[in-house]
Amino acid sequence: MHKHLLTVYLLLLAMVVTAAEPYSSSRIFWDSSTRTTVFTTGWYARMIELQDGRLMAACEHSGIEVAFSSDKGQTWSTPTKIATNHDNIGMRVPDLAQLHDGTIVVSYNPRPEEPYTSDRKFGIRCKRSTDNGKTWGEEIFVYDAQHTFGDGCWEPSLLELPSGELQLYFSNEGIYTQSNEQNISLCRSFDGGVTWGDPEIVSFRNGYRDGMPCPVLLKDNSQIVLTIEDNGWPGVGDFFPTTVRCPLDVNWHNYLVNGDSPNRAKTLDFAFCPNATGGAPYLRVLPWGETVMSYQSAYGRDGRLSMYVALGDAEARNFRSLQHPFKVENTQTVMWNSLCVADTGIVIAVGGVGNRIEMIKGYPVRRLQAPYAHATVDGRQTRGEGYYKPQATQVLMGIERGVRTTADICYDADSIYFTARVSDRTEHPLNNAYGDGVTLLIDAADRCSLAPLDGMHRIFLRRAGTAQLSHGNDSKKRWTTDNNLHVHLNVTEKNTYYIIEAAIPWTDLALTKAPEGASLQMNIEVQDNTIGDYYPEKEYLPDGRRDESWTWMELYLQPNPEPTGINTPIYSNPQPSSPNSLPKGAGADYIYKLNGISTPIGREMGGRSHNPSVVIVNGKKILMK
């Protein structure tokens, strides 16, 4: 009896130490093909999406300039200067917001140059447009600090509350004339930015420099949260992106976040993020509640600053999935950056690359989808084969290593189909473990493990046209090779890229049938051998670790929509009324209703519409809600 109990205990212990809660937050897929120049010359850019669907950007360039895009950032209008330098005073660091009534407000920071004179002070100003940015009113006074650089004010940032109150936050050292300290101050307007009240201090760490505030209101309207740069964390010795917060119903009235307050916190989740110090944070909220933050850090770049972006939870905590949106040369910097979130959930990173302003789009995804379909395994990505995206681009990779990779997946009763297009100019198709290729990792048993266990599988699809199958092992907790594989693989080589397409039978994944309607965990490894040696570079899905399936992304196998169960590929020719192109609501549950039977087919983050929709497929109504 005691021996039996010991065995059960050891088995339970093994389960405890080899499993973890699945990674549940989104990851961002950055699309390098969307990288575009917004301003050919400029610094410190900010961008918003206007109520009419246009994008609007502002930057500093001999004053404050604005530009507009009517095609979601592909092209931009010629910049218009709305505030000009004068009297040796530079107009700097703009921020912009469109209010609920349509008024556009741009705030900025007059900064006098030497020689300083007492009549030219560091200050905060704003301008308003009531005609969608066509014309701009007179300059509006908000605040003045002192007239010297050491006692100035900096970096205004705007937030409108549901009540209509407009808030302007800024860094303020104007009152600390005998020290190097700095606080975060707030001015309020109750008439859309026409007039402003006196500043109130909302955040201050005694002896240090809270700076560069960026405010948001959380999705549930519970709290106002600012990201700031804080150089007072013990043992850090540098600025670190930090949040300070206040309940909305308190709204900073008699409320100060000091250095010891529980309402001050570091942002990064160190289980996934390095201790990458830095400042200039910028915070935004995604339509479904998760938060996204950028900041600049020299981590891993020999002192040169670059842009980092990380995703946080709905409380603006636990930021992870840390990535560089802009791939730049080691000699380049990406500084004074910001983020824009389109209403569909697309994240636009706006970076100061050298002395120009660039943008790149990223797509937050929480769950990957595998439609029921029959792909043709011919090494070509033909539109409408049945993958989740018509051009097989559900997954976007390569932002860190510079090897752009698109990938997608579908399945049927016999196999799971996988395809990847890899833009790799350094061709090393070695027929061994070190050659170019893409590895698909599948946890088909929902182990959510900390090590390779039974039910976990690695399928290395080599550029050379061969495949290798490995399985996890409960007793050894490592990968073991299986030579009895039945993968059907086809590779197409081009001058600047190669395409891999494969059908992997369910039996190779130790399954007797397709787990239709179930969720698996999936990771992708892109392997690029750059010089033909034994050390190829590798890149995984963001935060995905090769041997720990709890960090992989969820893969939902959409049920076969044919009520008869016949294996008919309904995705072979997507049309606007097909399930492959249904409106994707941010965070919306998809429901198929066929013959009166409701079948959930998953949760998609960041789609094209937030509204319920009814479409017609084969003469039947499908309700999305």
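Residues numbered from 1 in each chain as written. Predicted model: local features only at pLDDT ≥ 70, side-chain atom pairs only at ≥ 80, totals over all residues. Heavy atoms only, no water.

Caption draft 1: Quick peek at the overall build of the protein. Within the protein, the regular secondary structure consists of 1 helix and 41 strands. Counting only residues that meet the buried cut, the protein has 57% of its 625 residues in that class. In the protein, 58% of the contacts between residues at least 6 apart in sequence involve partners at least 24 apart. Accessible surface computed for the protein: about 25,700 Å², of which carbon and sulfur atoms make up 49%. (Helix = DSSP H or I, 4+ residues; strand = E, 2+ residues; numbered from the N terminus. Buried < 20%, exposed > 50% of the residue type's maximum accessible area, 1.4 Å probe, protein only. Contact = heavy atoms within 4.5 Å. Areas by Shrake-Rupley, 256 points an atom, 1.4 Å probe, with all protein chains shown as cover.)

Caption draft 2: Quick peek at the sheet that holds strand β28 (residues 415–422). In space, the 5 strands of this open sheet follow the order β26-β27-β28-β34-β33, with antiparallel pairing throughout. With one partner strand each, in any of the chains shown, β26 (395–397) and β33 (488–493) form the two edges of the open sheet. Put simply, the sheet's adjacent strands are angled 15 degrees from each other on average, direction ignored. Examined bridge by bridge, β26 and strand β27 (residues 405–411) share 3 bridges and lie antiparallel to one another. Each residue of the ladder has a partner; that of Met 397, found in β27, is Thr 405. (Pairing = 2+ DSSP bridges. Axes fitted to C-alpha atoms, helices over the stretch in contact; angles between N-to-C directions.)

Caption draft 3: Representation of the pattern of salt bridges in the model. Summed over the entire model, instances satisfying the criterion amount to 26 salt bridges. Across the salt bridge formed by Arg 367 and Glu 554, the nearest N and O atoms sit 2.5 Å from each other. Here the residue Arg 367 occupies a position in strand β25 (residues 367–370), and Glu 554 occupies one in strand β37 (residues 553–557), the gap between them amounting to 187 residues. Residue Glu 554 is classed as partly exposed on the basis of its relative accessible area, which comes to 24%. Among the ionic pairs, Asp 474 bridges to Arg 447, the shortest N-O distance being 3.2 Å. Taken together, the residues Asp 474 in the loop between β31 (467–471) and β32 (480–482) and Arg 447 in the loop between β29 (437–443) and β30 (456–462) connect sequence positions 27 residues apart. (Salt bridge = Lys/Arg side-chain N within 4 Å of Asp/Glu carboxyl O.)

Caption draft 4: Region of interest: the sheet that holds strand β1 (residues 27–39). Pairing in this open sheet of 4 strands is antiparallel, and the strands run β1-β24-β23-β22 from one edge to the other. Because the sheet does not close on itself, it has two edges, and the strands there are β1 and β22 (334–341). Put simply, the sheet's adjacent strands are angled 25 degrees from each other on average, direction ignored.

Caption draft 5: Main features of unusual backbone geometry. Cis geometry marks the peptide bond from Glu 114 to Pro 115, where omega comes out at 0 degrees. By secondary structure assignment, the location of Pro 115 is in the loop between β7 (104–112) and β8 (123–129). Not every positive phi belongs to a glycine, and Asn 254 is a case in point at roughly 55 degrees. Here Asn 254 is to be found in the loop between β16 (240–247) and β17 (264–266). Judged by relative accessible area, which is 85%, Asn 254 ranks as exposed.

Caption draft 6: Just the nonpolar core, in detail. Membership of the largest hydrophobic core comes to 40 residues, with the highest contact counts inside it found for Leu 368, Ile 416, Ile 442, Ile 524 and Leu 555. In this structure, Leu 555 is in contact with Leu 368, Gln 369, Ala 370, Ile 409, Ile 416, Ile 442, Ala 518, Ser 519, Leu 520 and Met 522, ignoring residues within four places of it in sequence. (Core = buried A, V, L, I, M, F, W, Y, C linked by side-chain atoms within 4.5 Å.)

Caption draft 7: Examining the confidence of the model for the protein more closely. When pLDDT is averaged along the protein, the result is 88; 87% of the residues meet or exceed 70. For residues 565–625, every residue scores under 50 in pLDDT, and the model assigns this stretch 154 contacts once sequence neighbours within four places are set aside. (pLDDT = per-residue confidence, 0-100.)

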